[in-house]
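# Survey of secondary and tertiary structure
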Amino acid sequence: MISNSKKNQRVVSGMRSTGALHLGHYHGVLKNWVEMQYQHECFFFAADWHALTTHYKDPSEVPQHVVEMVVDWLAAGIAPHSATIFLQSQVPEHAELYLLLSMLTPVSWLERVPTYKDQQEKLKAHDLSTMGFLGYPLLQAADILIYKADLVPVGEDQVSHIELTREVARRFNFTYGKEPDFEERAKQAIRKLGKKNGKIYRNYQRAYQEQGDKEAIAKGRTFLELQQNISVADRERLLAYLEGMSKIILPEPDSILTKASKMPGLDGQKMSKSYGNTIPLRSSPDAIDKSIRKMPTDPARMRLTDKGNPEKCPVWQLHLVYSDDSRREWVQQGCSTASIGCLNCKMHIIEAVQAELEPMRERAKVFEKDPQAVRKIIIEGSEKARNQARQTLDDVVEAMRFSDF
Ligand code: TRP
Ligand code: SF4
């Protein structure tokens, strides 16, 4: 069972929209999203602006890619009544926050993000010398902070982007989070807690600020959540005051690392569109059958009577994803003694993949026939997201004093 406080945590995650998804996306990301949508308040979006970093020369396909991708999400089991599904460019508040954050973000912070140089090296075919590419992680920070997200599920390669997000949030709060009379208001709020509880609060505050006891913050936070007779604003003030800071306008999110997808492709390398070794989520049964039958096996097994070694075979990698212990034992045994044939060995994978993809294909059918319905889901989700984003932006604008105009 997931605790109540976790239930209230908000999850935000996005995916660059670059077209139809494959089994690697399902095992690496979507399965995880599907689970989370029942445990948290979730916002999942198609990052079409982020897709521009590599596709700015020809963005004409981006809208189609968005629809394709969202159909795959729906097919995988993301449910619009459980999660908010939306499109980044339909919520222009992301861009406004990005602009404001860019004013206080040192260029060196962005240059230091490891993906910056890595990707420039790897993707030589794309022109990544743009300001948009340098700012990629900052736009991502805006995507996250605009929803005051608590948790961001990402792969390992994105952890540095969440780190940057936290640093930018901290800098923002430090710079703009000072109400002129913050200290006075915080002290008033402590008085509102009452004598006994005020003392408890002071003790947590001291334990952290004087002894660096991090647990005191967690305990103090729980304690404040239980206090009934203070306003939301006062509770936030006291949370911030606990750490000796000013008001928190943009809370720092945590990343949750999605286990690196071990999903191997048809050739044993990681499944990826750029390697041409994928099984698309909406493949026909026939295509699945053909592509797995054609998979290379241990080159030592030229004939049925040749003994093989599963470690040298990409099909074995798929057994590690789909098969239970007894089936794996059967493969190990049968392969190394030449008592099973490769096709027989592959049949079990074919069956497993068919069983996994069949319900997705069924769910996708409805949406393939009715792209308007997909569009409607995205537009309604975007409106919902936009309401949330607007609220945060109001806080931001107020903290930066633009509201004084
Ligand atoms: N950069 C992410 C990726 O390539 C996509 C992304 C954009 C994202 N904005 C986000 C992920 C916000 C999480 C949160 O996978
Ligand atoms: Fe690969 Fe299975 Fe053939 Fe062994 S029997 S080489 S594991 S396909």
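The structure presented is a predicted model; accordingly, all values stated were derived computationally and were not measured.

## Observations concerning the nonpolar core
Core analysis: the biggest nonpolar cluster contains 53 residues, and Leu23, Leu30, Trp73 and Ile292 have the highest contact counts within it. Counting residues per element, this core draws most heavily on helix α4 (residues 62-76), at 10 residues. For Leu30, the residues in contact, after removing those within four places along its chain, are Met15, Leu21, His25, Asp72, Trp73, Ala76, Ile78 and Leu281. Counting residues in each nonpolar core, the second largest holds 40 residues, with Val12, Leu104, Leu250 and Leu393 among its members.

## As for the site of ligand 2
Lining the immediate environment of ligand 2, one finds Thr297, Asp298, Arg301, Cys313, Val315, Val331, Cys335, Cys342 and Cys345. Those elements that place two or more of their residues in the shell around ligand 2 are α17 (325-336) and α18 (342-369). For the shell around ligand 2, the per-class residue count stands at six nonpolar, one polar and two charged.

## Examining the layout of surface pockets
Taken as a whole, the second largest pocket encloses approximately 1,600 Å³ of empty space. Contributing to the lining of the second largest pocket are 31 residues, with Asp150, Arg221, Glu225, Leu239 and Pro251 lying nearest its centre. Those elements that place two or more of their residues in the lining of the second largest pocket are α1 (4-7), α10 (159-176), α13 (214-226) and α14 (232-242). Broken down by element, the lining of the second largest pocket gets its largest block of residues, six residues, from α13. In the lining of the second largest pocket, the residues fall into 11 nonpolar, five polar and 15 charged. Two domains each put at least three residues into the lining of the second largest pocket: domain 1 (4-176 + 253-261 + 371-399) and domain 2 (182-242).

## Observations regarding the site of ligand 1
Among the 13 residues in the neighbourhood of ligand 1, the closest are listed as His50, Tyr136, Gln140, Asp143 and Gln158. Contacts to ligand 1 include Tyr136, whose side-chain N or O atom sits 2.8 Å from a nitrogen atom. At the level of elements, β1 (10-16), β2 (41-47), α9 (136-145) and β4 (151-154) are the ones that each hand at least two residues to the shell around ligand 1. Per element, the largest residue contribution to the shell around ligand 1 is four residues, and it comes from α9.

## Examining empty space enclosed by the protein
In total, this model carries one cavity of 30 Å³ or more according to the counting rule given. Its boundaries defined by the atoms lining it, the largest cavity holds a volume of some 100 Å³. In this structure, the largest cavity is lined by 14 residues; those nearest its centre are Arg301, Cys313, Cys335, Cys342 and Cys345. Residue assignment for the lining of the largest cavity shows that the elements contributing at least two residues are α16 (314-322), α17 and α18. Sort the elements by how many residues they give to the lining of the largest cavity and α18 lands first, with three residues. Here the lining of the largest cavity is built from residues that sort into nine nonpolar, two polar and three charged.

Calculation criteria
Residues numbered from 1 in each chain as written. Chains lettered and ligands numbered in written order. Predicted model: local features only at pLDDT ≥ 70, side-chain atom pairs only at ≥ 80, totals over all residues. Heavy atoms only, no water. Core = buried A, V, L, I, M, F, W, Y, C linked by side-chain atoms within 4.5 Å. Buried < 20%, exposed > 50% of the residue type's maximum accessible area, 1.4 Å probe, protein only. Helix = DSSP H or I, 4+ residues; strand = E, 2+ residues; numbered from the N terminus. Contact = heavy atoms within 4.5 Å. Near = heavy atom within 4 Å. Nonpolar A, V, L, I, M, F, W, Y, C, P; charged D, E, K, R; others polar. 1 Å grid on protein atoms, 1.4 Å probe; cavity = no way out; pocket = protein on both sides within 12 Å on 5 of 7 lines; lining within 4 Å. Points joined across faces, edges and corners; volume = space filled by probe spheres on them. Domains from an automatic or database assignment. Polar contact = N/O pair within 3.5 Å; in protein donor to acceptor, adjacent residues only side chain to side chain.

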